[in-house]
Amino acid sequence: MERRNFLKLALAGAGAASLTAATGCGLTGGAAASGDKTIKIIATESAPYQEPTKIAAELLKAKGWTLEATYVTDIIQPNLAVSNGEFDANYFQHGAYLQQFNVDQKLEVQPLFYVYGSPAGIWSKRYSSLQDLPDGARIALPVDPANNGRGLVLLRDAGLLELKEGVGVIHTSQETITANPKNFEFVEVDQQSLSKTLPDVDAGVLFVRLAAEIGLSPDDALAFEKEADQIPFRCVVAGTAEFAETEKAKALQEAYQSPEVREWFAGYMDGVLPTPWDADPLEDLSSWWEA
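Residues numbered from 1 in each chain as written. Predicted model: local features only at pLDDT ≥ 70, side-chain atom pairs only at ≥ 80, totals over all residues. Heavy atoms only, no water.

- Under an unreviewed UniProt entry, the name given to the protein is MetQ/NlpA family ABC transporter substrate-binding protein, and the source organism is Arthrobacter caoxuetaonis.
- UniProt, in its Sequence similarities (unreviewed entry) section for the protein, records the words "Belongs to the NlpA lipoprotein family."
- What the UniProt record of the protein gives under Subcellular location (unreviewed entry) is the line "Membrane". (UniProt positions renumbered as here; feature names shortened; annotations may be inferred.)

Right under this line is the structure:
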């Protein structure tokens, strides 16, 4: 079975299982049931999500709001839970993932605002340039479709691969490689494991945060995404179109895009994560589709 079609089926099954588990753990009950001054958000368990959420909660509390945050490691549940009305918003994904998930699951969860950017690059513990990679080099890629092609595009731009023309980065995969003159071998792993596998391969694609966690900077990368290519991979707070028009959504954006949160990002990993708050993700949707 072709990998992307398989993933669609897997998402559907895993999503149902995740929501069943959530019901058993008391995560359901509906966002509206929490009261007019309560905002329910589901977010992922890592510092760039948890810490800004904690800051936002304190800022909202001072203005009479209650931000109830539920943290998960699952990347299926949050969009389904928002679409089903269990939570007002989620904070765990970049735009390209949201776009692909909406298509695969026939949802209409929309980006509300950006929080931080998540550029990617190629790093190596063994080589100092892409041109040094030997024939048959093993290169680690993130397995999920929304990120799988990012390293392949960087290799193409360096003249080391040829890819099918007219295919955007979020639809690029090994199946779209038309020429691989150095016979690179691609190892697909879970995105959170990329930094752990880097010593075991010749090179690997990492998100800048994962690279920073193991002491690597963009300056150390063999290749790094250009700013324009990073737009689909900016991380968003997302919700339904109905929620987007509410006072809750406006209060939530003000809290996440506060000076206090900006200060936290400036101090996190030496400020390696950009905060593109002047941009409107809805205005960037066309660039997401073109990616």
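Read on, since the account is not over.
**Looking at the sheet that holds strand S1 (residues 38–44)**
- A sheet is described by the order of its strands in space; here 5 strands give the open sequence S2-S1-S3-S12-S4, paired in mixed fashion. Looking at the sheet topology across the chains shown, the edges are occupied by strand S2 (66–72) and strand S4 (110–117). If you compare each strand with its neighbour and ignore which way they point, the axes differ by 25° on average.
- With 3 bridges joining them, S1 and strand S3 (residues 89–94) adopt parallel strand pairing. (Pairing = 2+ DSSP bridges. Helix = DSSP H or I, 4+ residues; strand = E, 2+ residues; numbered from the N terminus. Axes fitted to C-alpha atoms, helices over the stretch in contact; angles between N-to-C directions.)

**Overview of the nonpolar core**
- Counting 32 residues, the largest nonpolar core has Tyr 91, Val 237, Leu 252 and Tyr 256 as the members making the most contacts within it.
- If you list the elements that add at least two residues to this core, you get S1, helix H2 (47–62), S3, S4, helix H8 (208–213), strand S12 (234–239), helix H10 (247–256) and helix H11 (259–267).
- The element contributing the most residues to this core is H10, with 5 residues.
- Once residues lying within four places of it in the same chain are set aside, the contact partners of Tyr 256 are Ile 41, Pro 52, Thr 53, Ala 56, Tyr 91, Phe 113, Val 115, Val 237, Val 261 and Trp 277.
- The next biggest cluster of nonpolar side chains, apart from the first, holds 27 residues, and it includes Ala 96, Leu 130, Val 153 and Leu 161. (Core = buried A, V, L, I, M, F, W, Y, C linked by side-chain atoms within 4.5 Å. Buried < 20%, exposed > 50% of the residue type's maximum accessible area, 1.4 Å probe, protein only. Contact = heavy atoms within 4.5 Å.)

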